[in-house]
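Residue-level listing of the chains:
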Amino acid sequence: MARRVVEYDSPWKEALEHFLEPCLALCFPHLHALVDWTRGFTFLESELRRLLPDSRTRRQMVDKLVQVYLKDGSEQWVLIHVEVQSQSEAEFAERMYAYHARIWLQFRRPVISVAILADENRNWRPREYRHELAGCELRFRFPIVKLLDMDEQVLEQSPNPFALVILTYRQAVRTRGTPELRLSEKIRLTRLLIERGYDFNAAVQLLRLVDWFMRLPELLEETYQGYLRRLREEGVRYISNFERIIIREGLEQGLQQGLQQGLQQGLQQGLKQGLQDAILGVLETRFGVLPESLQDKVRRINSLEVLNTLCRQAAIVDNLDAFEQQLERLWQSSIPDSSAPDPNQ
């Protein structure tokens, strides 16, 4: 069974949400120096969705609109635009201007637009939109940072957590199509993360981003999960928190799949299959390859109450043997349900 794949907007979206200040410190230090970070900041998601509906359907870009306060006391809105694509886009600078203008026209707020270019085209560096006709001229310039320009040795030495995000993305691109090399780099970056000594919450989020950017085939992913288990046994505290997040996402995906299947196959049947998928996905994430006999027993349980109980047990048991004991007890009690004909089939 394949390991869970959770799709949201983009790992870049989460990277900006969790590491906004270090992102600006690394990529746009002049802007970072102007902001009074002691006053906090606010992401303006509803305003951005209302103004830029097309940004929700383009998977190659991420836009964040943030309200910050400058050190002079003024309130400022910052539009951060991350473009992730493999080839240049002729309309990019025009689109940056259009977004900037929409925000200003709607809210009459000062806006600073910046762009992070994560593409692989070294020659593509859009930083200006110009339009001139009959003596009427418009010129819009915006700061950019090109991830390809960043020195990887400097990034590896930097204590800034966003430096690790950029390193991870660069290695994910470089190891595309070479899964064995990607596994090696994923382990190396995880080790680098631990050596950096980030605070607890930052370390957990960075682990998630490393995992998200550097997806592996199932067998190699099992090797990586084994490496994480060894780290947990060695006392790396936040590994358990990271695993709980992955478990929760697996449960959420299983339930979402069940609801979707329920629309097509009947709600009860869909929920049953979603819970079964979630149980097996959680166990596989925590303990590796599962015995076929265990998978078969879980698949033969029809009782939603029993499946819900097993779902909770899968997330908290210490080892697979403990889960199998619980499964055997609950499976015996559910034999009438399991053996009865399924009305939805």
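The structure displayed is predicted, hence computed values, not measured ones.

Caption draft 1: Broad picture of the overall build of the protein chain. Scanning the protein chain for helices and strands turns up 16 helices and seven strands. Here the protein chain holds 345 residues, and the buried ones make up 52% of them. Taking the contacts inside the protein chain whose residues are at least 6 apart along the sequence as the reference set, 68% of them involve residues at least 24 apart. Surface accessibility of the protein chain: about 17,300 Å² in total, with carbon and sulfur atoms responsible for 49%.

Caption draft 2: Local environment of unusual backbone geometry. Although it is not a glycine, R108 sits at a positive phi angle of roughly 55°. Tracing the sequence through the fold places R108 in the loop between α5 (92-107) and β4 (111-117). Given the relative accessible area of 52%, R108 is considered exposed. The residue A134 is not glycine, and still its phi comes out positive at about 55°. Assignment of secondary structure puts A134 in the loop between β5 (128-133) and β6 (136-141). A relative accessible area of 81% places A134 in the exposed class.

Caption draft 3: Geometry of the packing of helix α7 (residues 161-174) against helix α8 (residues 179-196). At a minimum axis distance of 10 Å, the contact between α7 and α8 shows a crossing angle of 175°. Judged by the angle between their axes, α7 and α8 are roughly antiparallel. Contacts between α7 and α8 involve L164, L167, T168, Q171 and A172 from the former and R182, E185, R188, L189, L192 and L193 from the latter. Partitioning the contact of α7 with α8 into residue classes produces six nonpolar, two polar and three charged.

Caption draft 4: Spatial organisation of helix α1 (residues 11-18). Of all eight residues in α1, six are buried; the element is thus mostly enclosed. For α1, the set of buried residues is P11, W12, K13, E14, A15 and L16.

Caption draft 5: Representation of the nonpolar core in the model. Grouped together as the largest cluster of nonpolar side chains are 56 residues, with contacts concentrated most on W12, C27, I116, F162, V165 and Y224. The element contributing the most residues to this core is α7, with nine residues. Counting 22 residues, the second largest nonpolar core, distinct from the first, contains L290, L294, L307 and F323.

Caption draft 6: Inspection of the packing of aromatic side chains at higher detail. Across all of its chains, the model carries 13 aromatic pairs by this definition. An angle of 85° between the planes, with centres 5.8 Å apart, marks the rings of W37 and F41 as edge-to-face. Taking relative accessible area as the criterion, W37 reaches 16% and is therefore assigned buried. Between F92 and F142, the aromatic rings sit 6.2 Å apart at their centres with planes inclined by 65°, giving edge-to-face as the arrangement.

Caption draft 7: Quick look at the pairing of β6. Relative to β6, β5 is paired through six bridges, and the arrangement is antiparallel. Bridge assignment links E132 to a residue of β6, and that residue is E137. Taken together, β5 and the strand that follows it, β6, pair antiparallel across an intervening segment of two residues, in which A134 is found at a positive phi of about 55°.

Caption draft 8: Expanded view of the state of the cysteines. Evaluation of the coordinates by the stated rule reveals zero disulfides. Unpaired in this structure, C27 has its nearest cysteine sulfur neighbour in C23, at a distance of 4.4 Å.

Caption draft 9: Structural view of the side chain of Q171. Structurally, the position occupied by Q171 is in helix α7. Overall, Q171 belongs to the buried group, its relative accessible area being 5%. Apart from residues no more than four positions distant in its own chain, Q171 is found in contact with E152, E185, R188, L189 and M214.

Caption draft 10: Focus on the pattern of salt bridges. This model, assessed by the stated rule, comprises 22 salt bridges. In this structure, D211 and K186 form a salt bridge, with 3.0 Å as the shortest nitrogen-oxygen distance. With D211 in helix α9 (residues 200-213) and K186 in helix α8, this residue pair connects regions lying 25 residues apart in the sequence. In this structure, D211 and K186 share a single accessibility class: buried. Among the ionic pairs, R299 bridges to D277, the shortest N-O distance being 2.8 Å.

Caption draft 11: Quick look at the environment of N121. Structurally, N121 is set in the loop between β4 and β5. On the basis of relative accessible area, N121 is assigned to the partly exposed category, the value being 23%. C-alpha separation for the pair N121 and K146, spaced 25 residues apart in sequence, amounts to 9.7 Å.

Thresholds applied
- Residues numbered from 1 in each chain as written.
- Predicted model: local features only at pLDDT ≥ 70, side-chain atom pairs only at ≥ 80, totals over all residues.
- Heavy atoms only, no water.
- Helix = DSSP H or I, 4+ residues; strand = E, 2+ residues; numbered from the N terminus.
- Buried < 20%, exposed > 50% of the residue type's maximum accessible area, 1.4 Å probe, protein only.
- Contact = heavy atoms within 4.5 Å.
- Areas by Shrake-Rupley, 256 points an atom, 1.4 Å probe, with all protein chains shown as cover.
- Axes fitted to C-alpha atoms, helices over the stretch in contact; angles between N-to-C directions.
- Parallel < 35°, antiparallel > 145°, perpendicular 65-115°, else oblique.
- Nonpolar A, V, L, I, M, F, W, Y, C, P; charged D, E, K, R; others polar.
- Core = buried A, V, L, I, M, F, W, Y, C linked by side-chain atoms within 4.5 Å.
- Phe/Tyr/Trp six-rings, centres within 6.5 Å; stacked < 30°, edge-to-face > 60°.
- Pairing = 2+ DSSP bridges.
- Disulfide = S-S within 2.5 Å.
- Salt bridge = Lys/Arg side-chain N within 4 Å of Asp/Glu carboxyl O.

Geometric descriptors of this kind do not, in isolation, establish any biological role.
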